[in-house]
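# Close look at the chain arrangement
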Protein chains: 2
Amino acid sequence: MTERLAIYAEGLWALSDAKTGHGVLRYSPREVVAVVDSTEAGRRAGDVVPYTASDAPIVASVTAAAEAGATNLLIGVAPPGGVLTDAWRAALVEAMECGMTVEAGLHTVLGQDEHLVAVARANGVELRDLRWTPATPRVPRIDRRRPAGLGVVHAVGTDSAIGKMTVTLELDRAARGRGLASAFVATGQTGIAISGWGYAVDHVISDYVAGTAEMLIDEGVERGADLLFVEGQGALHHPAYSAVTLGLLHGCRPDAMVLVHQAGTTVNSEYADVAIRPLGDVARAYEQILAPIHDGAVVAVALNTRGLTDEEAAAAVADAHQATGLPAADVVRHGADTILGAVLAHLGR
Amino acid sequence: MTERLAIYAEGLWALSDAKTGHGVLRYSPREVVAVVDSTEAGRRAGDVVPYTASDAPIVASVTAAAEAGATNLLIGVAPPGGVLTDAWRAALVEAMECGMTVEAGLHTVLGQDEHLVAVARANGVELRDLRWTPATPRVPRIDRRRPAGLGVVHAVGTDSAIGKMTVTLELDRAARGRGLASAFVATGQTGIAISGWGYAVDHVISDYVAGTAEMLIDEGVERGADLLFVEGQGALHHPAYSAVTLGLLHGCRPDAMVLVHQAGTTVNSEYADVAIRPLGDVARAYEQILAPIHDGAVVAVALNTRGLTDEEAAAAVADAHQATGLPAADVVRHGADTILGAVLAHLGR
């Protein structure tokens, strides 16, 4: 049976909290037939989220999604901490009682939850956890040599949930469009849901984050790529997630970094008393913390200009260029060519 | 029955790899009756490890430790990656067959290993895992206020396994000696084995490292302390463990940091092509990466001068002072007063 996906994003479809659902809708080859969000019911998925052409209806309940033909329900929201809430638990149960397979990339492992496992068994449906981690994690190898000619590009950011995955997906797509042997390297559950491989480094025991990132580089090479776009996680100055960010950075050892920033934001999205430092300072911070391990430079700024007018977006791009001296663009609004060009020039391609 | 401890450190008792065993021998109130290391058998535990007065014999086998009266065997070695090796597994089985309780703080969870569980059950003995993590981990709270007058001091370092725990234990002991309401905050398995509370932040899922560190600060306050010495982990520039280091730093938000360095080392102990940066640069790196989250300064350098002559140690202290402009000392060789003084002065105590 062909799977038809419904994305669960109750109350949050219009917000960046629903980044998992937005990413799957934009980049996954899977068919999305409904979005569940009663606060937007009656509209189309693509009406609410820019740069997604989807005509899938937004419906008010899980049952309505099943009636719209969905065979699978994906939790499309990434909450702080990644823990399953009571409301989402109820949605998963409702979906299974409608005969749907349920999928999630939470820290709460569905397959380890006795109640959910019992409901799945009673309804003959499957529980799918997308927050994959290595079966045998390890620390990085002593031997740090890499294949000659390999280029590793990593999206780093000023905050979480601002579009680092989107930037790497767009850059990879543009690189493959130029005939390059490029691959997107998923480091989180949404990326895994889109690409079908990768590890969720934020779900790995902290001692093994860097080693897991290195395993992903190895796997990208084994898959035949010599240009890897590694999805970023969190931010170096994020009060909650900086551990994930730094382990990933030191483990993937990028040759080039693209600094991702949500235009106009000045404080952390979850911790309002933590200011975002000037872009040039943030770029230097990433370079300095990487330097003892590997030589890598921030080569461009990828702005997320969602919600701005074209004029405002152009002004934000000019400001970012002014602040850093680097090429800047919004890869969704302006296309990926400017930033891909800066990356390839830095890599000598 | 009173427990009598044997420390297992086969082939490694003289090396910093046995830091868990050394820490327990030096600082734990528990009675240590033997060390297992066939390469040093016949000597006394304290002969091999400086600044430990222990007369416990070093014996050649686990069975010999049992014959020396040991009731418990502790794996006293912290391997890279924290995984149970086949040789140690055999030692644990031998201990259980001698009727001993076995204890370890590895990533390999003894209580989840079917074979070890079966052997323990067959011999009527206990398996104790010391790598404690929170039952319900979380990200840091939005509300960042702390009790007025709380001082948080954190040991940070240029490498792993160089004595960060020892520095915090000595500073805490000296502070309590001055009548201060001080506590040592364990963040790793050895610290937990010594103090009886804490969490092993390197065994926590990476998204929760900072939140777990914050929980430890809260617990220290609940225990009545207003001066907390938080054990450090890894190093900010460590290729494998920097994720743990940064999550812990951002989560515990220290007011004062003490920079720990093994005198004379110039490269990472596990990654020989990663140079240790000059001490002043490392101190600034810690301050800069903390600054967006919290104001905290490196106020002193704690040198590990193990193996040096008194003259060499004095020269190393002078060099460290010269390089950083900060007070410097070896808290074991010279006592904790110099560094504690610098900490208290910075905190305005």
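Analysis parameters
Residues numbered from 1 in each chain as written. Chains lettered and ligands numbered in written order. Predicted model: local features only at pLDDT ≥ 70, side-chain atom pairs only at ≥ 80, totals over all residues. Heavy atoms only, no water. Contact = heavy atoms within 4.5 Å. Buried area = accessible area lost by both parts, 1.4 Å probe. Salt bridge = Lys/Arg side-chain N within 4 Å of Asp/Glu carboxyl O. Polar contact = N/O pair within 3.5 Å; in protein donor to acceptor, adjacent residues only side chain to side chain. Helix = DSSP H or I, 4+ residues; strand = E, 2+ residues; numbered from the N terminus. Core = buried A, V, L, I, M, F, W, Y, C linked by side-chain atoms within 4.5 Å. Buried < 20%, exposed > 50% of the residue type's maximum accessible area, 1.4 Å probe, protein only. Pairing = 2+ DSSP bridges. Right-handed = clockwise from strand over helix to strand, strands pointing away. Least-squares fit on C-alpha atoms with pLDDT ≥ 70 in both.

## Some points on the interface of chain A and chain B
With 41 residues of chain A at the interface, the matching set in chain B holds 42 residues. Between chain A and chain B the total buried area reaches about 3,600 Å² when both faces are included, carbon and sulfur atoms providing 58% of it. Joining chain A to chain B, the criterion identifies two salt bridges. When the shortest N-O distance is used, the salt bridge between Arg131 of chain A and Asp207 of chain B registers 3.6 Å. On inspection of chain A and its partner chain B, the count reaches 16 residue pairs in polar contact (both at pLDDT 80 or more).

## So, the environment of Tyr51 of chain B
All names here are of chain B. Note that Tyr51 resides in the loop between α2 (45–48) and β3 (58–59). Residues Tyr51 and Gln262, 211 residues apart in the sequence, show an inter-C-alpha distance of 16 Å. Among all residues touching Tyr51, those that are not within four sequence positions of it are Arg26, Val332 and Arg333.

## Points about the nonpolar core
Formed by 54 residues in total, the largest nonpolar core has its most connected members in Tyr8, Trp13, Leu73, Leu92, Met96, Val102 and Leu116 of chain B. Ranked by the residues each element gives to this core, the list is headed by helix α4 (residues 86–97) of chain B, at six residues. Here Val102 of chain B is in contact with Leu73, Leu92, Ala95, Met96, Leu110, Glu126, Leu127 and Arg128 of chain B, once residues within four sequence places are set aside. The next biggest cluster of nonpolar side chains, apart from the first, holds 53 residues, and it includes Val49, Ala56, Leu130 and Ala186 of chain A.

## A look at the pairing of strand β11 (residues 297–304) of chain A
All names here are of chain A. With eight of its eight residues buried, β11 lies for the most part within the structure. Both strand β10 (residues 256–262) and β11 contribute to a ladder of seven bridges, which runs parallel. Counted as the bridge partner of Val258 is Ala300 from β11. Read from β10 through helix α10 (residues 279–290) to β11, the crossover connection turns out right-handed. Bridge count for β11 against strand β12 (residues 328–329) is two bridges, and the pairing is parallel. Its bridge partner lying in β12, Val301 is registered against Ala328. Handedness of the crossover joining β11 and β12 through helix α11 (residues 310–324): right-handed.

## A word on the relation of the copies chain A and chain B
Each copy superposes on the other: chain A lies on chain B with an RMSD of 0.0 Å after a rotation of 180 degrees and an axial shift of 0.0 Å. A rotation of that kind, with that shift, is consistent with a two-fold axis.

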